[in-house]
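If you want the building blocks of each chain, they are given just below.
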Amino acid sequence: MTKKPFEGVKIVQLCWAGVGIYTLNYLSHYGATTIRVETATRPDPVRLFAPFAPTNKEGEPVGLERSAFFSITHTAPELGISLNFKQPEAIEIFKKLVAWADVVGEGFPTGVMDKLGLDYEGLKQVNPEIIMFRTCGYGHTGPMADQPGFGSILTAVTMMDTITGWPDRPPVPPSTYYTDQLSPMYGSLAIMAALDYKRRTGKGQYIDHAQIEAGLNYMTPLILDYQTNGRELALKGNKCDYAAPHGVYRCKGVDRWVAIAVMNDEEWQIFVKAIGSPEWAKKPEYSTAPGRIADSDELDRRVEEWTANYPPEQVQKLLQKAGVGAGVVANAKDLDEDPQLNHYNFYRELEHPYMDKLRYYHPDPIKLSNAEPDVQRPVLLGEHTDHICTEILGMTQEEVDGLRKKGVFD
Amino acid sequence: MLSCYRVLDLTDDKAFICGRALSDFGAEVIKIEKPGGDASRLKGPFYKDEVDPEKNLTWFAFNSNKKGITLDITTPTGKELFLKLIKTADVVIESYAVGYLESIGLGYKDLSKVNPRIILTSISGFGQEGPYKDYKDPDIVVRALGGLIYTAGYDDRPPLGVSYEHTHYLGAMNGAVGTMIALAQRVHIGQGQHVEGITQQALDIVCSAEIEGPYAFFGEIPKRHGRARAAVTLKDGSTYYNPLLWSCKDGFIALNLLLNPASARNNLSMMEYIKRDGIDIGSFENWDWQTKSWEDMSRGEADKLMEVLGEFFMNHTKDELLALATENRFQLGPCNNAGDVLKYPQLNARNFWKDIEHPELGTSLKYPGGAVVTTQGYVGIKRRAPLIGEHNDEIYKELGLTSVEIQDLKDKKVI
């Protein structure tokens, strides 16, 4: 069998919420052995995020294993251990895991790990070659180092809440936790580069991943435009500075829409033909982009008169077949049924002991010709505590039972 | 960290960021343009609004650190030179229409014959196979099919795409990660492979918990609610949308309003600040933040709370509210624009911004620094983006060409 990309790489992670999880999923999907450290005394808040899978019996508490939010973001194989860091023995077990690992990933604000003596200096004493990946909202230095970093706030501070909207109204969020899904790719690159470097040199390192800084790396053109032209981004609805028609158009059905973008003059000719060469489209001014852009409101009205007669799927097929960009404005159901995503087997349906069958376990948005991702249901809290202690750390079952009585695994 | 790797970059503006990200970690990235310069150099915005291929700001942003050569890979001589370069390289990144490289004899199989260790990373809107593979994928179209437009916008107007084209960067950045995964596997198997970064799938990951979750359990289809995103349930069982974004004195802020015992102290102290402004908080004087949540609130009370918060925020600037949030650990942040981030105190305290010289412009520009800070050297921008053909001499001489031969290729418009 072909060896997996990260076969032999050992990861210990104490990541909370989204970013650290998305970051490490790339490694765990592709062969790394990952141990997730949690505690029921202070659970990952995402385990408490709605929507929840319905419980089996009336009045049964929802518990920590029924959040779709948690489940859908934890799609990679992990082993789970529960460690309550209030117990000194739990810290000792954690240190043994650090000695075992190549990478330790964590996502707490500055101070949490440090107070336990588990900052980079502390980990290095246990394992000098360790790669420590720390992600938090604002980075581990500076006046905001200890601020909690929720994706919904980071999206705002990284400019991403000022890029969606109409000229005459306040902007709207493009998504709730946009930076949670945009900043992890930089984190993964950092860990993979560090592993590659460690393989060649034997040296570990400390990686400080500030979600605000990773997020801003997507926004550079806007920052340069402001510096050199004194201009902030102007909200323009669905219009485009250099192309028309370009927008979202109403279709047949309830709240059904299609996005259409005619990007150049050649596509305009194709578009006109595809919609039946109506009289209004023959205006000579429309044959070049500046002429179409100048009259884009009128064009949008005309295009919508046409799209309103058809369901969006039909518009998409007809225009794409002709060679013009068009796509259904997909809602949750459309995504579920999307033939392209399904062609790539992007929805993995898996059994879960508390949620039954659930369809939205995803691999990464990557396809490799030599490696398949391993997609799994999320690990339960402390699911493999005994296995990890006895098989990986070489403890006896008696020791484990004794520590359990003390509350080390709570 | 990655200085031992050479990457050939054939991407257009959809995916410049992929090679840029690898270069941030030290990889040698050679941007290959067609003679005369890449077509996307002519898309704005420009330095001082001067339409000039050497003053393109998107080019500056995402081709910094790279070397730049010109080469027409469609001519026989150009193709030959490209294959010589392939022998020296580890990775090729491309974002052409699906099947284009194959059609000119430079598909993965062709490259692999010349260098079996080569990794080809293809970035596209929908993927290299499947029913949409030949679809046109402009920003708004791939974003629509990726599920991010339907839930963005006001319910009385059409759903919204973005005014800043960047959607393909999600696929491109996944292409960069995929490239690293393939480099890791190459150590084990001794050969390269074909990697795909796919934007539609990257968007679907953004949708996963928020949009697919409610559909999975309850068949619910989340819709657009203006400045609010998630619904809460009130005492009468009805659904309520509290805004995520709010107007303040000089712009907008985001507020993550949590009504649970863990947030009680924050909410109480927020009420104290509001009262200091002379705002009447009505029945919230006696509200038990420790035990009560949305499920204990009537619609009238919820409306009143929104009114009180709205009035308070309008009394203050983004800077004031940021200071207040930092001091009290409120889950509140300014909706920064470019001017705001350049003076954001936390970023300045971390020396985030990097001044990069542009000798040809007689100035330097501030760029975002690295996406991570590490103890094994600086990660991030080091030098400005290449001029058209800036490194032709360096790279072609390395391949063994003489100055005369290089001039000849220039005359024949191969480079």
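Every chain is numbered independently, its residues counted from 1 as its sequence is written. By the order in which they are written, chains take letters starting at A while ligands take numbers starting at 1. Local features in this predicted model are restricted to residues whose pLDDT is 70 or higher, and side-chain atom pairs enter the listing and the counts only when it is 80 or higher, whereas totals over whole chains, interfaces and linings include all residues.

Asker: Hey, could you run me through the confidence of the model for chain B in this one?
Answerer: The predictor reports its confidence for every residue as pLDDT, a score running from 0 up to 100. On average, residues of chain B score 96 in pLDDT, and 100% of them are at 70 or above. Model confidence for the complex: the whole-complex pTM is 0.97, and ipTM, which rates the interface, is 0.97.

Asker: Would you explain the sheet that holds strand β5 (residues 131-136) of chain A in this entry?
Answerer: As a general point, the strands of a sheet are linked pairwise by backbone hydrogen bonds and lie either parallel or antiparallel. In space, the seven strands of this open sheet follow the order β3(A)-β2(A)-β1(A)-β4(A)-β5(A)-β6(A)-β14(B), with mixed pairing throughout. Whereas interior strands pair on both sides, the edge strands pair on one side only; in this sheet they are β3 (79-82) of chain A together with β14 (372-374) of chain B. Adjacent strand axes in the sheet meet at a mean angle of 20 degrees, parallel and antiparallel pairs treated alike. Two elements, β5(A) and strand β6 (residues 205-210) of chain A, share six bridges in a ladder whose sense is parallel. The partner of A:Cys136 across the bridge, within β6(A), is A:Ala210. Strands are labelled as partners when DSSP assigns at least two bridges between them. Runs of E in the DSSP output that reach at least two residues are strands. Runs of H or I that reach at least four are helices, and both are numbered from the N terminus. Helix axes use the C-alpha atoms of the stretch in contact, all axes being lines fitted to C-alpha atoms, and the angles between their N-to-C directions lie in the range 0 to 180 degrees.

Asker: Can you walk me through the domain arrangement of chain A in this structure?
Answerer: How large an interface is tends to be reported as the accessible area lost when its parts come together. Domains are outlined according to an automatic or database domain assignment. According to the domain assignment, chain A contains domain 1 (10-218 + 345-406) and domain 2 (246-337). Computed from C-alpha atoms alone, the centre-to-centre distance between domain 1 of chain A and domain 2 of chain A is 42 Å.

Asker: How should the interface of chain A and chain B be read in this particular structure?
Answerer: Whether two residues are in contact depends on their C-beta atoms, placed from the backbone: they are in contact if these lie within 7 Å. Listed by partner, the interface residues are 128 residues for chain A and 129 residues for chain B. With 12 residues, helix α8 (residues 184-201) of chain A is the largest single contributor of residues to the side of chain A that touches chain B. Considering only residue class, the side of chain A that touches chain B consists of 72 nonpolar, 36 polar and 20 charged. Amino acid classes used here: Ala, Val, Leu, Ile, Met, Phe, Trp, Tyr, Cys and Pro are nonpolar; Asp, Glu, Lys and Arg are charged; the rest, including Gly, are polar.

Asker: Would you take a moment to explain unusual backbone geometry for this structure?
Answerer: In this model, A:Ala50 is joined to A:Pro51 through a cis peptide bond whose omega is 0 degrees. Topologically, A:Pro51 is positioned in the loop between β2 (33-38) and α2 (68-73). Here B:Gly44 and B:Pro45 are connected by a cis peptide whose omega angle stands at 0 degrees. With respect to the secondary-structure elements, B:Pro45 resides in the loop between β2 (28-33) and α2 (57-63). Of note in the backbone geometry, B:Asn65 takes a positive phi value of approximately 75 degrees without being a glycine. What makes B:Asn65 buried here is the crowd of 25 C-beta atoms within 10 Å. One non-glycine residue with positive phi stands out, namely B:Lys413, at about 60 degrees. On the secondary structure map, B:Lys413 appears in the segment after α15 (403-411). Our exposure labels follow a C-beta count within 10 Å of each residue's own C-beta, placed from the backbone: buried means 20 or more other C-beta atoms, exposed means 12 or fewer, and partly exposed covers the counts in between.

Asker: Even after reading the chapter, I still don't get the packing of helix α1 (residues 19-29) of chain A against α8(A), so can you show me in this structure?
Answerer: Residues and elements named next belong to chain A. For the pair α1 and α8, interaxial distance at closest approach is 8 Å and the crossing angle is 45 degrees. As the angle between them shows, α1 and α8 are arranged oblique. Where α1 crosses over α8, the two elements pack in a sense that is right-handed. Contacts from Val-19, Tyr-22, Thr-23, Tyr-26 and Leu-27 of α1 reach α8 at Pro-184, Gly-187, Ser-188 and Ile-191. Partitioned by chemical class, the residues of the contact of α1 with α8 number six nonpolar, three polar and no charged. Each angle is binned into one of four classes, with values under 35 degrees roughly parallel, values over 145 roughly antiparallel, values of 65 to 115 roughly perpendicular, and all other values oblique. By definition, any crossing whose near helix is turned counterclockwise from its far helix by less than a right angle is left-handed, and any crossing with a clockwise turn is right-handed.

Asker: What am I meant to see in the pairing of strand β9 (residues 245-248) of chain B here?
Answerer: Every other side chain in a regular strand lies on the same face of the sheet, so the side chains alternate between the two faces. Residues and elements named next belong to chain B. The sheet contact formed by β9 and strand β10 (residues 251-255) spans four bridges and is antiparallel. Counted as the bridge partner of Cys-248 is Gly-251 from β10. Connecting β9 to the antiparallel partner β10 that follows it, the hairpin turn spans two residues.

Asker: Can you walk me through the environment of A:Arg404 in this structure?
Answerer: Residue and element names in this part refer to chain A. When you line up the elements, Arg-404 lands in helix α18 (residues 397-406). Under the C-beta neighbour-count criterion, Arg-404 is labelled partly exposed, with 15 such atoms within 10 Å. Distance from Arg-404 to Thr-385, taken between C-alpha atoms, is 9.9 Å for residues 19 residues apart in sequence.

Asker: Sorry, what's going on with the packing of helix α11 (residues 265-274) of chain A against helix α14 (residues 312-322) of chain A here?
Answerer: Packed helices, taken two at a time, are described by their axes: the angle between them and the distance between them. Residues and elements named next belong to chain A. Following both chains from N to C, one finds α11 and α14 inclined at 130 degrees, their axes separated by 9 Å at the closest point. If you check the angle between α11 and α14, you find them oblique. Here α11 runs over α14; the crossing is right-handed. Side by side, α11 and α14 meet where Ile-270, Phe-271 and Ala-274 of the first sit next to Leu-318, Leu-319 and Ala-322 of the second. Its residues assigned to classes, the contact of α11 with α14 shows six nonpolar, no polar and no charged.

Asker: How should the environment of B:Val91 be read in this particular structure?
Answerer: Residues and elements named next belong to chain B. In this fold, Val-91 is placed in strand β4 (residues 91-94). In this structure the C-alpha to C-alpha distance between Val-91 and Ala-182, which are 91 residues apart in sequence, comes to 9.6 Å. For Val-91, the residues in contact, after removing those within four places along its chain, are Tyr-5, Val-7, Ile-119, Thr-121 and Thr-179.

Asker: Would you mind showing me how to read the sheet that holds strand β11 (residues 332-334) of chain B here?
Answerer: All names here are of chain B. The strand order across the open sheet formed by three strands is β9-β10-β11, and the pairing between neighbours is antiparallel. Looking at which strands have only one partner, the edges of the open sheet turn out to be β9 and β11. Direction aside, the axes of adjacent strands within the sheet are offset by 30 degrees on average. Against the sheet, helix α10 (residues 299-314) makes contact with β9 and β10, and its axis sits at roughly 45 degrees relative to β9, the strand it touches most. Packed on one face of the sheet, helix α11 (residues 318-328) meets β9, β10 and β11 and runs near 150 degrees to β11.

Asker: Could you clarify how one ought to interpret the domain arrangement of chain B in this entry?
Answerer: Taken domain by domain, chain B consists of domain 1 (6-205 + 385-411) and domain 2 (228-335). Using C-alpha coordinates to define each centre, domain 1 of chain B is positioned 45 Å away from domain 2 of chain B.

Asker: Would you take a moment to explain α10(B) for this structure?
Answerer: Note: α-helices contain 3.6 residues per turn, so residues at a spacing of three or four share the same orientation. All names here are of chain B. Given the number of residues in a helix, its expected span is that number minus one, multiplied by 1.5 Å. The end-to-end C-alpha distance of α10, which contains 16 residues, comes to 23 Å, matching closely the 22 Å that a straight helix rising 1.5 Å per residue would cover. For α10, the full list of buried residues reads Leu-305, Val-308, Leu-309, Phe-312 and Phe-313. Across the axial projection of α10, the buried residues extend over an arc of 130 degrees, all falling on one side. Structural note: α10 exposes Arg-299, Gly-300, Asp-303 and Met-314 on the side pointing more than 90 degrees away from its buried face. Where α10 is buried, its residues meet β9, β10, α9 (264-276) and α11. Our arc is simply the arc of the directions from the helix axis toward the C-beta atoms.

Asker: So what exactly am I meant to see when it comes to the nonpolar core here?
Answerer: Looking at soluble globular proteins, one finds that nonpolar side chains tend to be buried together. Counting residues in hydrophobic clusters, the biggest one holds 242 residues, and the most contacted among them are A:Leu189, A:Ala259 and B:Ile253. For this core, the element with the highest residue contribution is helix α7 (residues 168-189) of chain B, accounting for 11 residues. Contacts of A:Leu189, omitting those with residues within four sequence positions, involve B:Ala21, B:Phe25, B:Ala176, B:Val177 and B:Met180. The term nonpolar core means buried Ala, Val, Leu, Ile, Met, Phe, Trp, Tyr and Cys residues held together as one set by C-beta atoms within 7 Å.

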